[in-house]
Amino acid sequence: MGLLDGLLPAYYESILITVGIYIILALGLNLITGVTGQLNLGHAAYMCIGAYTSAIMSMHYGMPFIVAILAGGLLAAAFGVVIGYPTLRLTGDYLAICTLGFGEILKSVLYNVPAVGGAMGLAGIPPKTTLTIVFIVMIIVIISMVRVESSRFGRALVAIREDEIAAECNGINATKYKLQMFSLGCFIAGIGGALWAHKIMVLQPRDFGFLKSIEILNMVVLGGLGSIPGTILGATVLTSIPEILRFSSEYRMLLYGALLVAMMIFRPHGLMGGVSFNSIAKRGMRWLKPGDKPDDKPGQKGMGG
Amino acid sequence: MLSNLLVQLINGIALGSTYALIALGYTMVYGIILLINFAHGEIFMAGAFVGLMLVTVFKVHIIFAFLGAMLFCMIMGVIIEKIAYKPLRRSTRLAALISAIGVSIFLSNLANLVFGAKPTTFPPTEEILFKIQTYELIAGAQITNLQILTIVTSAVLMVCLQYFIKKSRIGKAMRATSQDYDTAALMGVNVNRIISYTFAIGSSLAAAGGVLVGIYFGVVKYNMGFMVGLKAFTAAVLGGIGSIPGAMFGGLLLGIGEMLAVALGLSSYRDAIAFGILILVLLIKPTGLFGTQIQKKV
């Protein structure tokens, strides 16, 4: 452990950690909004649950970091089931409003609970997040997302996005699949939140508001809804560029708003819409060996077409 | 206790009538193009700021400031529709919704840059309108003339809207478009113009609500549209989205419910209560109180 730590100046290492965490968060949202087409405007709320849970685990119960991370993810997934079970039956727009409403309720509850610091926030979280840990978790999340995308489950989710009624006619239990997908997405958000908590060390309810959810949504939209390489690109660009150019936050949000509109009008599939790792690999193969059919690699048999 | 409840009831009606004005915009737009116009709350905020600027910078009389804000937001609403929603009319609903959220984020942060993050105060009511007087009602309940003005203005605007929708030619075309977009277009209704009218009317009502809220609470802030917009949306869903009487009723109900929560000492949870109501309504009766069931076709 610790192979990657200390190789870079602390400032760049910090940016890389942030990029990694946002990639994890954005991949969770990509599964919900990009792959399955369910607009979730409360992604930051699940991140918040993971952050607070893991922080309490490691501060008050002295749990090892890995247990704290998993606990954060599991509780976020549990909330995802509780919120998702009733709301996922609703059509897209209502789901968006319900997730948004849940985020705001959670925020006002956290403001009023002194046990987790209230409006003052929860301070004194041990700084356990290192670049190595973030990198490992990120790789695990990316691999599992690629595997999910190419599985029977992932194809069912895409079918639900394209036409829910037609998918149900073909024997896909849409509610069940959506619920499983939603809790998986929330689990990933919780893990991202846990890593975030142990990086910034102070948690305040207002950091997990609507704007944070929009920030994550922007990464998915910019990269391309439903595209894993696109989401990674979007998260990297939108996290590192403001950091390097030192935008003030007002201009950044102004730009994000305009970006959402412009992307939807001019490039609704994002920068890399429809691009998956599999298609990149195929293209690379073709480029390396012109005229040859791309090899079928083991582990990617499930991809249809 | 009873008088306290009655006072909060009247506060609730005054607050609820402004929610109702804003909810009308959501419900009209949703009725016609099935889009949750997230930017509507920001139009409400813009209306409040324009009214404030007209009163303080241009020294206009409050009535003209009120009308000016309505006119400004009318134009603004139409422009927003032309830029951000019209190109997306044939694409997925997710795309239109994300675009609407983008407009909302853009406008509130633009207001933050222009007017600053600190709340701007309205001039005192005595200077621009009248001296606040309190009238005694039965059982110790009180009502101020400002509350009467808020309630009466909202009621007049809503009656005008109802008349317009039911009697005028444009209103008839609006109802036809909301029943069936394609058929209305085939029957010679200029649907693009009808959509512009819908945005114009909805936005001007939101601006009216903005100025009324600005006078009523005395402060205007760049992010005031977010919460109020969401609550107005809740009101529209509560009454049944797409239904105009439903939006009025839902607004009043939400305002009263919120103020009663304050009366019961739950004021720090008042936003959570509004969303709790929203989620409950969506779970129990997603069509709302006055809404009609829409059959999904393949």
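Residues numbered from 1 in each chain as written. Chains lettered and ligands numbered in written order. Predicted model: local features only at pLDDT ≥ 70, side-chain atom pairs only at ≥ 80, totals over all residues. Heavy atoms only, no water.

### Regarding the environment of Gly239 of chain B
Residue and element names in this part refer to chain B. Take Gly239: it is sitting in helix 10 (residues 224-239). Using a relative accessible area of 0% as the deciding quantity, one classes Gly239 as buried. Put simply, Gly239 and Leu67 are 172 residues apart on the chain and 28 Å apart in space, counted from C-alpha to C-alpha. (Helix = DSSP H or I, 4+ residues; strand = E, 2+ residues; numbered from the N terminus. Buried < 20%, exposed > 50% of the residue type's maximum accessible area, 1.4 Å probe, protein only.)

### Regarding the interface of chain B and chain A
Taken together, the contacts link 42 residues of chain B with 37 residues of chain A. Taken together, the two surfaces of chain B and chain A that pack against each other cover about 3500 Å², and 82% of this comes from carbon and sulfur. When residues of chain B are sorted by the area they lose upon contact with chain A, Ile98, Ile105 and Leu113 of chain B head the list and together hold 16% of the total. On inspection of chain B and its partner chain A, the count reaches zero salt bridges. Counting across the chain B and chain A interface gives zero residue pairs in polar contact (both at pLDDT 80 or more). (Contact = heavy atoms within 4.5 Å. Buried area = accessible area lost by both parts, 1.4 Å probe. Salt bridge = Lys/Arg side-chain N within 4 Å of Asp/Glu carboxyl O. Polar contact = N/O pair within 3.5 Å; in protein donor to acceptor, adjacent residues only side chain to side chain.)

### Examining the layout of surface pockets
Residue and element names in this part refer to chain A. Of the voids in this model, the second largest pocket is the one considered here, and its volume is about 1300 Å³. Lining the second largest pocket we find 46 residues, and of these Arg206, Asp207, Gly209, Leu211 and Lys212 sit closest to its centre. Within the lining of the second largest pocket, the residues separate by chemical class into 20 nonpolar, 13 polar and 13 charged. (1 Å grid on protein atoms, 1.4 Å probe; cavity = no way out; pocket = protein on both sides within 12 Å on 5 of 7 lines; lining within 4 Å. Points joined across faces, edges and corners; volume = space filled by probe spheres on them. Nonpolar A, V, L, I, M, F, W, Y, C, P; charged D, E, K, R; others polar.)

### Overview of the confidence of the model for chain A
With 91% of its residues at a pLDDT of 70 or more, chain A shows a mean pLDDT of 84. In this model residues 294-305 of chain A is a low-confidence stretch, pLDDT under 50, and it forms 11 contacts with partners more than four residues away in sequence or in other chains. (pLDDT = per-residue confidence, 0-100.)

### Quick word on empty space enclosed by the protein
Residue and element names in this part refer to chain B. One pass over the structure, following the stated rule, counts four cavities of 30 Å³ or more. The calculated volume of the largest cavity comes to roughly 90 Å³. Together, 13 residues line the largest cavity, and Tyr26, Phe38, Phe226, Gly229 and Leu230 are the ones closest to its centre. Within the residue set of the lining of the largest cavity, elements represented by two or more residues are helix 2 (40-56) and helix 10. With five residues, helix 10 is the single largest residue contributor to the lining of the largest cavity. Of the residues that constitute the lining of the largest cavity, the class distribution is eight nonpolar, four polar and one charged.

### Observations regarding the nonpolar core
Ranked by size, the top nonpolar core spans 192 residues in total, and within it Leu41 and Leu195 of chain A carry the most contacts. Residues contacting Leu41 of chain A, with those up to four places away along its chain left out, are Ala96, Thr99, Leu100, Phe210, Ser213, Ile214 and Leu217 of chain A together with Phe38 and Ile101 of chain B. (Core = buried A, V, L, I, M, F, W, Y, C linked by side-chain atoms within 4.5 Å.)

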